[in-house]
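Tertiary structure, described
Listed below are the residues making up each chain.
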Amino acid sequence: MSHVVTRFAPSPTGHLHIGGARTAIFCWLLARHYGGRFHLRIEDTDLLRSKQEYTDSILASMRWLGLDWDGDLTYQTQRADVYSRYVDKLLETGHAYWCDCTPEEVEAMREEARQKGLKPRYNGRCRTRELGPGVGRCVRLKTPLTGKVVFDDMVKGRISVDVSELDDMVLRRADGMPTYNMAVVVDDYEMGITHVIRGDDHVSNTPRQILIYEALGLPVPRFGHVPMILGPDKQKLSKRHGARAVIEYQQDGLLPQALVNYLVRLGWSHGNQELFTRDELIEYFDGNNLNPASAAFDPAKLEWCNAHYMREMLLSDLARLVAPFVQQVGLGDLGQERLEALCLMFRERANNLKALAESFRPLVLPAAELVHAEKDAKKHFTDQGKEHLRKLSAVFAACESFDADTVDSALNAYVADNGLKFKEVAPPLRTALMGFMGGSHLKDIMAFLGREETLERLKRVTG
RNA sequence: GUCCCCAUCGUCUAGUCGGCCCAGGACAACGGCCUUUCACGCCGUCAACAGCGGUUCAAAUCCGCUUGGGGACGCCA
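Residues numbered from 1 in each chain as written. Chains lettered and ligands numbered in written order. Predicted model: local features only at pLDDT ≥ 70, side-chain atom pairs only at ≥ 80, totals over all residues. Heavy atoms only, no water.

**Remarks on the overall build of chain A**
What counts is decided by this rule: Each helix is a run of DSSP H or I of at least 4 residues and each strand a run of E of at least 2, with the numbering of both proceeding from the N terminus. Throughout, radius of gyration means the C-alpha value; the globule benchmark is 2.2 Å times the number of residues raised to the power 0.38. Note on classification: 1.4 Å probe, protein chains only; a residue is buried when its accessible area is under 20% of the maximum for its type, exposed when over 50%, partly exposed between these limits. Note on contacts: a residue pair qualifies if any of its non-hydrogen atoms lie within 4.5 Å across the two residues. Computed by Shrake-Rupley with a 1.4 Å probe, the accessible areas treat only the displayed protein chains as cover when residues are assessed. Lys and Arg are tallied as positive, Asp and Glu as negative. Neither His nor the chain termini are counted. Taken as the charge location is NZ of Lys, CZ of Arg, CG of Asp or CD of Glu.
Counting its secondary structure elements, chain A contains 19 helices and 12 strands. Taking 463 residues into account, the globule formula puts the C-alpha radius of gyration at 23 Å, and chain A, at 32 Å, lies well above it. Dimensions along the principal axes, computed over C-alpha positions, put chain A at roughly 105 × 45 × 40 Å. For chain A, the proportion of its 463 residues judged to be buried stands at 51%. Within chain A, counting contacts between residues at least 6 apart in sequence, those at least 24 apart form 74% of the total. For chain A, the computed accessible surface area is about 22,000 Å², with 49% contributed by carbon and sulfur atoms. Of the side-chain charges in chain A, 59 are positive and 63 negative, and the distance between the mean point of each set is 4 Å.

Shown next as structure tokens:
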């Protein structure tokens, strides 16, 4: 495969969802792996449901995922005349014909077939009527009467369908607009697409499209139909399963590399490897090892994947990425330096940026606004616990400086000098500083808070 | 209804033209270690070849049937 051209062709009737995102990732990877080209085509021929805002949203998601495309966007609505030219050609060569059957009549034909237990289809009434152009007339393909359409799918292997299953499909509607299958074939040909990777739900369209390619005398591309992504309950993915659009994951604070990594492993594998860098993905993704079975979406594994990237990425990058979420949860602008300190303390305790930002709250809020968890306060703010905190206040007040090491040794000295165990002192201190029994290392917490804020928090407990 | 596709642990999967698989990895769950909380990390446990027939010395791997899923059957995409 020296020459590979792929494309992703969403219709702008909604945001980019994870199923489409995965298809796009596969297409992008295949092109990048072979050093080919990756195109983006907006299939907006459904005038009623297509919206520019969705195109914008899809493009934004593509960029966020890092899926760059080559060349300009193709909008199908701008190419009506092109499709028409190909339909005319089919008319001229006798591969297509005019039809004036009304939708009602066609539906009656389908009903009749259904009654007989056959596949509902158009019965070819106008096939031999030699009708010409006219108002209300569409153009249909003259499907071969016998034979099979066979193709070798990149993921499902050889698929064979008898032409008797197909009817004379409409190529151009009465209003002059091409139908989906017609437009796709023309575009894929004109864009020089060599590999069509798309959702499972298109397998039944493929034989129809191949018929059009053949009638037009055009080379047929390679097809690869990836199975659908199911919900955790193995049912079709729906709104019930929570966030589905990639924009929603972005808003929840997921990292694009985590989503890409997770999605690519849904239906594709490289031995036992789970985590991949972008370069590894490009290196390994050659169109093989695609799984023909549908896969269930597992939010837990996505979170794990995201947590992994949060832990291993550059601290400064993480801080920069979490900043907008910190703003969003109402903690204001903390500045890069403080954010990095916080990220260092909490990155291992959060699975996404939003949760990470939220975990900063106890340390960012002023002492007066700190809320003590009732259960922890009751358990650790005992008379003895308060006594420790009083003495510690004095110890901390006496510290020469207030960096983590200094505070740590002071705390250790207090414990050792009084013949105590850390377990007796740490819980009340932690609860006083964090508001609950959680957080990061005490020395880091105190160093971050600073002497004044630390003492103030102790004072709130000791009175 | 007709046609097409699919079928390994709860989930994602490895299993490259049958033997090295009484089936491996990862997530989840559970247990332990570490420990100044919570995490991280490390160690371990639980857990699957849908069923039935063939072919073969040998089948998760090949064939058939059954069952169970999914998809398609528009002048939607």
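Here the narrative resumes.
**With respect to the side chain of R32**
Defined as follows: Counted as a polar contact is a pair of N or O atoms within 3.5 Å, where, for protein atoms, one must be capable of donating a hydrogen and the other of accepting one, and residues adjacent in sequence contribute only when both atoms are in side chains.
Counting through the fold element by element, R32 comes out in helix α1 (residues 18–33). Overall, the relative accessible area of 18% leaves R32 in the buried class. Of the polar contacts made by the side chain of R32, one reaches the backbone oxygen of D68; its length is 2.9 Å. Discounting residues that sit within four places of it in the chain, R32 has contacts with F38, D68, W69, D70 and I282.

**Details of the environment of G253**
Considering the arrangement of structural elements, one finds G253 in the loop between α7 (246–251) and α8 (256–264). Look at G253 and you get buried, because its relative accessible area is 0%. Measuring from C-alpha to C-alpha, the distance between G253 and N352 comes to 5.1 Å, with 99 residues separating the pair along the chain. If sequence neighbours within four positions are ignored, G253 has contacts with N306, F325, N352, L353 and K354.

**Some details on the packing of helix α3 (residues 80–92) against helix α5 (residues 180–190)**
Rules: The axes used here are C-alpha line fits, helices contributing only the stretch in contact, and every angle between their N-to-C directions lies in the interval 0 to 180 degrees. Angular relationships are summarised with four words: roughly parallel below 35 degrees, roughly antiparallel beyond 145, roughly perpendicular across 65 to 115, and oblique for the angles in between. All amino acids are sorted into three groups, where Ala, Val, Leu, Ile, Met, Phe, Trp, Tyr, Cys and Pro are nonpolar, Asp, Glu, Lys and Arg are charged, and the leftover types, Gly among them, are polar.
Contact geometry for α3 and α5: axes closest at 10 Å, N-to-C directions at 105 degrees. Here α3 lies roughly perpendicular to α5, going by the angle between them. Residues V82, Y83, Y86, V87 and L90 of α3 pack against M182, A183, V186, D187, Y189 and E190 of α5. Grouping the amino acids of the contact of α3 with α5 by side-chain chemistry returns 9 nonpolar, no polar and 2 charged.

**Considerations on the protein's contact with RNA strand B**
Just so we agree on the cut-off: We call a residue near a given molecule or strand whenever any one of its heavy atoms falls within 4 Å of it.
Looking at RNA strand B, there are 59 residues lining it, with R110, R173, N272, E348 and R349 nearest. The side chain of S11 places a nitrogen or oxygen atom 3.1 Å from a sugar or linking oxygen of RNA strand B. At 3.2 Å, a side-chain N or O of R311 approaches a phosphate oxygen of RNA strand B. Contributions of two or more residues to the surface near RNA strand B are made by β5 (138–141), β7 (157–162), β12 (295–296), α10 (299–312) and α18 (422–434). Take the surface near RNA strand B: its biggest share by element is 4 residues, from α10. Per-class residue counts for the surface near RNA strand B are 19 nonpolar, 18 polar and 22 charged.

**Description of the sheet that holds strand β8 (residues 170–172)**
Rules: Any two strands with at least two DSSP bridges between them are considered paired.
Spatial strand order, β4-β5-β8: 3 strands in an open sheet with antiparallel pairing. Sheet topology places β4 (96–99) and β8 at the edges, where each strand pairs with a single neighbour. Between one strand axis and the next, the sheet turns through 45 degrees on average, direction left out of account. Judged from the 4 bridges that link them, β4 and β5 form a sheet pairing that is antiparallel. Its bridge partner being in β5, Y97 is matched across the sheet by R140.

**Here's the deal with unusual backbone geometry**
Its identity is not glycine, yet E130 carries a phi of approximately 50 degrees, on the positive side. Turning to its location among the elements, E130 is positioned in the loop between α4 (103–115) and β5. Look at E130 and you get exposed, because its relative accessible area is 75%. The phi torsion at N289 lies on the positive side, around 60 degrees, for a residue other than glycine.

**A look at the domain arrangement of chain A**
Stated formally: Segmentation of the chain into domains, including their bounds, is taken from an automatic or database domain assignment. Two parts placed together each lose some accessible area; with a 1.4 Å probe, that loss summed over both constitutes the buried area. Should a side-chain nitrogen of Lys or Arg be within 4 Å of a carboxyl oxygen of Asp or Glu, the pair is scored as a salt bridge.
If you check the domain split of chain A, you get domain 1 (5–70 + 228–299), domain 2 (76–184), domain 3 (313–363) and domain 4 (365–463). Placing a centre on the C-alpha atoms of domain 1 and another on those of domain 2 gives a separation of 31 Å. Summed over both partners, the interface of domain 1 with domain 2 buries about 930 Å², with 56% contributed by carbon and sulfur atoms. The three residues of domain 1 that bury the most area against domain 2 are E43, T45 and P292, which together make up 47% of that side's buried surface. Counting across the interface, domain 1 meets domain 2 through 0 salt bridges. The interface formed by domain 1 and domain 2 holds 5 residue pairs in polar contact (both at pLDDT 80 or more) in total. Within the side of domain 1 that touches domain 2, the residues separate by chemical class into 5 nonpolar, 3 polar and 4 charged.

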